[in-house]
Amino acid sequence: GQQVMQIPQYQHVQEGEDFTTYCNSSTTLSNIQWYKQRPGGHPVFLIQLVKSGEVKKQKRLTFQFGEAKKNSSLHITATQTTDVGTYFCAGRVGGSQGNLIFGKGTKLSVKP
Amino acid sequence: DTEVTQTPKHLVMGMTNKKSLKCEQHMGHRAMYWYKQKAKKPPELMFVYSYEKLSINESVPSRFSPECPNSSLLNLHLHALQPEDSALYLCASSPRQGEMAGEQYFGPGTRLTVT
C-alpha cells in the first residue's frame, strides 16, 4: 500500500542548533501537509505544500516539496525549547477520497 | 471559530459498557474524520464522513459505530471494546474531502482506557 516514510524517528538537539526532518513517499502525492503535536496535545496544522518544488517559510521553519512531489522536508533554524514536539508529515493522494497518509513522525527534544 | 471540540476528555470503560464519544465543529466543514492514535504512533484513520454520509471505513471492527447526525456533529459509539482499543481518539474536520480537502483541524481528543 501507499506509504510515507519519515526520518529520523527521534532528534535531540541543543537549543540554537538546527533541525531537519525528511519525508519520502512511495507514490506521487497531490499535496503534503505538516503537523506539530506537542506532548499531551493533538496534531496542529502547520502548512500545506501543493506545487512541485515549492518552498514556504514560517519564521524559523522552512518547508520544501520535491520536484517529483514524492518527498518533503521541514527545517527549523536555531531551535528553541518551544519547538519541542513530534512533527508529522502527511501526504495526500489524488482522487475523490484523497486520504492523508501520515508519516511516523519525528520527535524533537531541545536541551536548553 | 476554528475549533473542533470533543467530549469527554477522558473515558474509562469496562469491556461490557456502551459509551459514546462526541465531536462538534462550527466551521461549516463538510468532511469529518475519526482517527485513533496509540502512544508514539501517528494518527490512524478510522472513518470519514462527507456531507453527512459515511465515505470511508478503514476496516474498523463493528464494536466501533460512527454516526453523523448533522453537518456539525460526529459521534463514535463504543460497545464491547477490548483493552487494546485503549488510545487517544481524535476527531478532525476539513472543508471537504478529497484532493482539495485543505487543512484538517483536529480536536483535543478523548483519551480512552478500556479495563
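Residues numbered from 1 in each chain as written. Chains lettered and ligands numbered in written order. Predicted model: local features only at pLDDT ≥ 70, side-chain atom pairs only at ≥ 80, totals over all residues. Heavy atoms only, no water.

Participant: Sorry if this is basic, but what is going on with the sheet that holds strand β7 (residues 64–70) of chain B here?
Facilitator: Where strands meet in a sheet, backbone hydrogen bonds hold them as pairs that are either parallel or antiparallel. All names here are of chain B. Reading across from one edge, β1-β3-β8-β7 is the order of the four strands in this open sheet, with antiparallel pairing throughout. Of all strands in the sheet, those bounded by a partner on one side alone are β1 (4–7) and β7. Going from strand to strand, the sheet's axes swing by 20° on average, the running direction of each strand aside. (Pairing = 2+ DSSP bridges. Helix = DSSP H or I, 4+ residues; strand = E, 2+ residues; numbered from the N terminus. Axes fitted to C-alpha atoms, helices over the stretch in contact; angles between N-to-C directions.)

Participant: Is there a simple way to think about the pairing of strand β9 (residues 87–94) of chain B in this case?
Facilitator: Side-chain direction in a regular strand flips from residue to residue, so the side chains alternate between the two faces of the sheet. Residues and elements named next belong to chain B. In terms of burial, β9 is a largely internal element, eight of the eight residues being buried. Sheet analysis places strand β4 (residues 31–37) next to β9, joined by seven bridges and oriented antiparallel. When the sheet's bridge partners are listed, Gln37 is paired in β9 with Leu88. One ladder, built from three bridges, connects β9 with strand β11 (residues 110–114); its direction is antiparallel. Residue pairing across strands places Leu88 opposite Arg111, the latter belonging to β11. Pairing of β9 with strand β10 (residues 105–106) involves two bridges; the strand directions are antiparallel. Within the sheet, the bridge partner assigned to Ser93 lies in β10 and is Tyr105. (Buried < 20%, exposed > 50% of the residue type's maximum accessible area, 1.4 Å probe, protein only.)

Scope: geometric values only; no functional claims are made or implied.
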